[in-house]
Amino acid sequence: ISFVQIPTTVMAMVDSSVGGKTGVNHRLGKNMIGAFHQPKCVFVDTETLSSLPDRELQSGISEIIKYGLIRDAPFFEWQEEHMDQLLARDSETLRYAVTRSCQNKAAVVKLDEKEAGLRATLNLGHTFGHAIENGSGYGTYLHGEAVAIGTAMAATMSYKLGWIEESLVQRIYKILERANLPTELPPSSPMNRETFLQLMSVDKKVADGKLRLILLQGELGNCVFTGDFDESAMIETIDEFVAECAGPSTV
Ligand code: GLY
């Protein structure tokens, strides 16, 4: 069916409406059933954001931050300069952030529409994030909030692997916190190591039984999509993030 997308949230404007992923959610997981079918056009009017709840705005900013981290260092630096204006919904700032995010997304999708590899990099923080959304009970976290914690986890793990400098991890935490996004799980979270590993094992990016993640490597703006990493860095990262939570680890 031909369709036009008219997104009215930041999340939809900068991510889900662009790129032709169509899907339905299932009780076993989000985004697991779907197809690629491009809209005839995406019509974005940032004026519609004037009535968006703050929490939704912040959730969408999580995906804007992602573009800077995976492929557009100058955009990340611009966000460091303009986060206050973005949160204040300054119209020029919003328009620029949405436009540049869409340009980044369109460039990636143009190169890899059906997600042979490159497109997966748009999922930085999402494997951890999807596990958090599902394991916490859908509705507890907005997507971008879970992705923000997932991004903090991906950054922490990348640092543990020795792939990025500590100063980059600090910048990532700082920008997420300035956007009022969570970077840790609360003590009341039901997440534990077992839940993470079980939920991450059904991720779409698992191939031949091997989990692949988007991790940061090198300077700001560079990432890799790989299953070739020391698993103990992942386990240590999960353990650090669940340390304050109530749920016991049994694995
Ligand atoms: N939201 C990630 C993608 O469209 O590939």
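Residues numbered from 1 in each chain as written. Predicted model: local features only at pLDDT ≥ 70, side-chain atom pairs only at ≥ 80, totals over all residues. Heavy atoms only, no water.

**A word on the overall build of the chain**
Defined as follows: Strands are runs of DSSP state E lasting at least two residues, helices are runs of H or I lasting at least four, and both sets are numbered from the N terminus onward. The reference for a compact globule is 2.2 Å times residues^0.38; the radius of gyration itself is calculated from the C-alpha atoms. Relative accessibility decides the category of a residue: with a 1.4 Å probe and only protein chains considered, values under 20% of the type maximum give buried, values over 50% give exposed, and everything between is partly exposed. Working definition of accessibility: Shrake-Rupley area with a 1.4 Å probe, residue cover restricted to the visible protein chains.
For the chain, the count of helices and strands is nine helices and six strands. For the chain, the C-alpha radius of gyration of 17 Å lies close to 18 Å, the compact-globule estimate for 251 residues. Projected onto its principal axes, the C-alpha coordinates of the chain cover approximately 50 × 40 × 35 Å. Out of the 251 residues in the chain, the part that is buried amounts to 51%. Put simply, the chain shows about 11700 Å² of open surface, and 50% of that area lies on carbon and sulfur atoms.

**A few points about empty space enclosed by the protein**
Operational definition: With a 1 Å grid laid over protein atoms only, a set of points is called a cavity when a 1.4 Å probe fits there but cannot get out and a pocket when it is open yet has protein on both sides within 12 Å along at least five of seven lines; lining residues have an atom within 4 Å of a point. Grid points are joined across faces, edges and corners, and a volume is the space filled by probe spheres set on the points. Under the grouping applied here, Gly and all other residues not named as nonpolar or charged are polar, the nonpolar ones being Ala, Val, Leu, Ile, Met, Phe, Trp, Tyr, Cys and Pro and the charged ones Asp, Glu, Lys and Arg.
Scanning all chains against the criterion turns up two cavities of 30 Å³ or more. Looking at the lining of the largest cavity, the element that brings in the most residues is helix α5 (residues 126–135), giving four residues. Among the residues making up the lining of the largest cavity, the classes are represented as seven nonpolar, four polar and four charged. Taken as a whole, the second largest cavity spans an internal volume of roughly 40 Å³.

**Describing the nonpolar core**
Basically, it comes down to this: What we call a nonpolar core is a set of buried Ala, Val, Leu, Ile, Met, Phe, Trp, Tyr and Cys residues that are connected through their side-chain atoms within 4.5 Å. Whether two residues are in contact is decided by their heavy atoms, any of which lying within 4.5 Å being enough.
Membership of the largest hydrophobic core comes to 68 residues, with the highest contact counts inside it found for I65, F128, L185 and F196. When residues in this core are grouped by element, the largest group, eight residues, is from helix α6 (residues 143–160). L185 has contacts with I132, Y141, I149, M191, F196, F241, V242 and C245, leaving out every residue within four places of it along the chain.

**Some thoughts on the packing of aromatic side chains**
Selection rule: For this analysis, a ring pair means two rings from Phe, Tyr or Trp (six-membered ring only for Trp) whose centres lie within 6.5 Å, classed as stacked if their planes differ by under 30 degrees, edge-to-face if by over 60, and tilted for the remaining angles. Remark: a charge is flagged as sitting over a ring if the NZ atom of Lys or the CZ atom of Arg is within 6 Å of the ring centre and within 35 degrees of the ring normal.
In this structure the tally under the stated criterion is four aromatic pairs. Between F128 and F196, the aromatic rings sit 6.4 Å apart at their centres with planes inclined by 75°, giving edge-to-face as the arrangement. Within this pair, whereas F128 is found in helix α5, its partner F196 is found in helix α8 (residues 193–200), the two being separated by 68 residues in sequence. Across the pair, exposure class does not vary: F128 and F196 are buried alike. Between K66 and the ring centre of Y67, over which it is positioned, the NZ or CZ distance is 4.7 Å.

**Focus: a nonpolar patch on the surface**
Here is the rule we go by: Nonpolar side chains (Val, Leu, Ile, Met, Phe, Trp, Tyr) are joined into patches within 5 Å and like charges within 9 Å, using only residues with over 30% relative accessible area and no salt bridge. Any carboxyl oxygen of Asp or Glu that lies within 4 Å of a side-chain nitrogen of Lys or Arg is treated as forming a salt bridge with it.
A cluster of nonpolar residues, V24, M32, I33 and V202, forms a patch on the protein surface that exposes about 330 Å² of accessible area. For I33, the location among the structural elements is in strand β3 (residues 29–36).

**Details of the site of the ligand**
What counts is decided by this rule: Residues are labelled near a given molecule or strand when at least one of their non-hydrogen atoms is within 4 Å of it. Definition of a polar contact: a pair of N or O atoms within 3.5 Å, with one able to donate and the other able to accept a hydrogen when the atoms are protein atoms, and with sequence-neighbouring residues admitted only if both atoms are side-chain atoms. Pocket or cavity membership: a molecule qualifies when more than half of its atoms sit within 2 Å of the grid points of that site.
Residues in close proximity to the ligand include D15, K21, K105, E115, R119 and L122, which together make up its full environment. Separating an oxygen atom of the ligand from a side-chain N or O atom of K21 is a distance of 3.0 Å. In the environment of the ligand, an oxygen atom lies 2.7 Å from a nitrogen or oxygen atom belonging to the side chain of R119. Bound to the protein, the ligand loses 89% of the 200 Å² it would expose on its own. Given that more than half its atoms are within 2 Å of the pocket grid, the ligand belongs to the largest pocket. A class-by-class count of the residues in the shell around the ligand yields one nonpolar, no polar and five charged.

**Brief notes about the pattern of salt bridges**
Inspection of the entire model under this criterion finds 13 salt bridges. When the shortest N-O distance is used, the salt bridge between E80 and R171 registers 2.8 Å. In this pair, E80 is assigned in helix α3 (residues 73–87) and R171 in helix α7 (residues 166–178), connecting sequence segments 91 residues apart. Using a relative accessible area of 23% as the deciding quantity, one classes E80 as partly exposed. We classify R171 as partly exposed; its relative accessible area is 30%.

**Thoughts on the environment of M153**
Take M153: it is sitting in helix α6. Judged by relative accessible area, which is 0%, M153 ranks as buried. In this structure, the C-alpha to C-alpha distance between M153 and Q170, residues 17 residues apart in sequence, is 12 Å. In this structure, M153 is in contact with F128, I132, F196, T237, I238 and F241, ignoring residues within four places of it in sequence.

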